[in-house]
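Here is how the chains run, residue by residue.
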Amino acid sequence: MAESSSTSPKQKPTRRNSSEDSRPYMLSSSSALNEELQCSICLDVFTDPVTTPCGHNFCKTCLNECWKNTQNCSCPLCKETFSKRPDLKINTTLRELVQHFEKKFNQGKSEVLCDICDERKQKAVKSCLTCQSSYCETHLEPHRRVPRLKKHKLMDAVENLEDYICQKHERPLELFCRDDQTCVCDFCSATDHKTHNTVPIEDESAEKKNQLVKTQTDVQQMIQNRMKKIQDIQHSVEMRKRCQTEVVEMLEEKQKAAEKQAEDLIKELEQEITELKRRNSELEQISHTEDHLHLLQINPSLYSPKNSKNWTEISIDTHVSVDTLNTALTRLKDTLHETVDQKLGQTVLRRMQQYAVDVTLDPDTAHPYLILSDDGKQVTCGDIKRNLPDKPERFDRYTMVLGKKGFSSGRFYFEVQVKGKTEWDLGVVRESINRKGSITLTPVNGFWTVGLRNENEYKAGERTWISLCLRVKPQKVGVFVDYEEGLVSFYDVESSSHIYSFTGQSFTQTLFPYFSPCLNKKGKNSTPLIITPVSYN
């Protein structure tokens, strides 16, 4: 948890000249990491970093200096104003990260010197694996000019040149044996590794680097997930505090337990974030190296994220169980549960939105009364029946249309705007459905749908129509399918609330997105159904 600073105040911050700054992050190739470790006020690395309620980080002294002669405290970065002056605590996770990199990078690197210089040794710029020597710019000149020397293998100057030479044949290590997972020279490849799968060291290095980049992306995502989890936990604790003000004594014991649980969870999450950020920095540095041999000698465990606790299902217990509550407490409890349900709904919806697909309407399936937009994203019912070819896949009795692309495995999700309509149907259907004559929208017939009738009557198409009681009128509906799980779910996107789910279904055919804007009703229901891009909340 955060703690107060015990260091003495520093002077009013000034921007430091970059040529005088020896701190490692200013010299790092990762601009994102630089920004994360810099205070936006003094433009220097953090000293006693603190976090404002809006989530931005500053040096504690810098922020106090900004708020020194003002009554209204606001964030120097986003300008959000706080009703009262925040109680600033040291962000220990960020402070430990700064200390880690200061220690790591201030160690410095030894300078490789030219092997040819007689008197005052100059700094080497290249090492030659063929000559097994390092050269300064002056003594490297023959390697750039003489045809025979131009064929030599040059690399950035390294101190441990012998590590890049085969100790058995005294030849450059230019190949990688995938069978033995080791670097070899061309003589090794022709003898001991003759039947093995060997590739140029650059090719294997490139593949490993791609693995590192992917692993780095995974680690960064893990960091974001854990930081989001901290926010969710803190939000849950805050909700409990608001409820506690009305029932102080009754909820005091549960509040302390929840705060202790939150403290332990946040501490554990912060420790994981610190470790993940440390690892992410190592991956960042390694992924930019041109030292192929070093890249291939890295511990294999670095190419995949460490398994850690599954935080997805872990949360703070917000349930309040008491025998008797007065009317005020009941209202507070309902409000609390509604907020938690909404938070849960947002989390579930965000997961489903990860499986968003691009859906386009198929004109060959559209009923002749339907009018499709040129981009295939909108459909409405017109007043005139168009003269269209009576294809087997076209609906001939009901105003229905399908998506072009079908899905026969995995998960997929799409969103449809239904705002302004008085009637509509949405869902998925199996490929072999009847498209001619009378149709009943039931799972037995291959339809998994929900719909609206008479402006406010929402129904789900089970064996018989099931009436749905919705708190708000959906403006945009999300449709999610998990093929293997036999699940079709519908969500109100704006309120992040669940509408209905078909569960335990058995899918054996390709499933297609299904749409029906229903009849025009003399213009009363003329608003189109619109397939909208998924906006990740």
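As the structure is a prediction and not an experimental result, all values here were calculated from the model.

S.K.: How do you make sense of the overall build of the protein chain when you look at a structure like this?
M.R.: Of the regular secondary structure elements, the protein chain holds 10 helices and 21 strands. Burial status across the protein chain gives 42% buried among its 537 residues. When contacts within the protein chain are restricted to residue pairs at least 6 apart in sequence, long-range pairs at least 24 apart make up 61% of them. For the protein chain, the exposed area adds up to about 30300 Å²; of that, 46% sits on carbon and sulfur atoms.

S.K.: It is not clear to me how the nonpolar core should be interpreted in this structure. Could you clarify?
M.R.: The tendency in soluble globular proteins is for nonpolar side chains to be buried side by side. One finds Trp424 and Phe515 to be the most contacted residues of the largest nonpolar core, which totals 35 residues. The next biggest cluster of nonpolar side chains, apart from the first, holds 19 residues, and it includes Cys42, Val50, Cys73 and Phe101.

S.K.: Teacher, can you tell me more about the packing of aromatic side chains here?
M.R.: Two descriptors summarise a pair of aromatic rings, namely the distance from one centre to the other and the angle between the planes of the rings. In total, this model carries 10 aromatic pairs according to the counting rule given. Seen from their ring centres, tyrosine 355 and phenylalanine 480 are 6.2 Å apart, and the 55 degrees between their planes marks the pair as tilted. Taken together, the residues tyrosine 355 in the loop between helix 10 (327-353) and strand 9 (370-372) and phenylalanine 480 in strand 17 (residues 476-482) connect sequence positions 125 residues apart. With a relative accessible area of 31%, tyrosine 355 lands in the partly exposed category. Taking the centre distance of 5.7 Å and the plane angle of 90 degrees together, the rings of phenylalanine 447 and tyrosine 514 count as edge-to-face.

S.K.: Help me understand the sheet that holds strand 21 (residues 529-532) in this model?
M.R.: Strand pairing within a sheet occurs via backbone hydrogen bonds; the two strands may be parallel or antiparallel. The seven strands lie next to each other as 9-10-21-12-17-18-19, forming an open sheet whose pairing is antiparallel. Each having just a single partner strand, strand 9 and strand 19 (497-502) make up the two edges of the open sheet. On average, each strand axis in the sheet is tilted by 20 degrees relative to the strand beside it, whichever way the strands run.

S.K.: Can you walk me through the sheet that holds strand 5 (residues 154-156) in this structure?
M.R.: Spatial ordering of the open sheet is given by 4-3-5, a layout of three strands whose pairing is antiparallel. Looking at which strands have only one partner, the edges of the open sheet turn out to be strand 4 (133-135) and strand 5. Along the sheet, successive strands turn relative to each other by an average axial angle of 35 degrees, direction set aside. The pairing of strand 3 (residues 126-128) with strand 4 spans three bridges and is classified as antiparallel. When the bridges of strand 4 are listed, serine 127 appears paired with serine 134. Set on the sheet, helix 4 (residues 137-145) makes contact with strand 3, strand 4 and strand 5; between it and strand 4 the angle comes to about 110 degrees.

Cut-offs used in this document
- Residues numbered from 1 in each chain as written.
- Predicted model: local features only at pLDDT ≥ 70, side-chain atom pairs only at ≥ 80, totals over all residues.
- Heavy atoms only, no water.
- Helix = DSSP H or I, 4+ residues; strand = E, 2+ residues; numbered from the N terminus.
- Buried < 20%, exposed > 50% of the residue type's maximum accessible area, 1.4 Å probe, protein only.
- Contact = heavy atoms within 4.5 Å.
- Areas by Shrake-Rupley, 256 points an atom, 1.4 Å probe, with all protein chains shown as cover.
- Core = buried A, V, L, I, M, F, W, Y, C linked by side-chain atoms within 4.5 Å.
- Phe/Tyr/Trp six-rings, centres within 6.5 Å; stacked < 30°, edge-to-face > 60°.
- Pairing = 2+ DSSP bridges.
- Axes fitted to C-alpha atoms, helices over the stretch in contact; angles between N-to-C directions.

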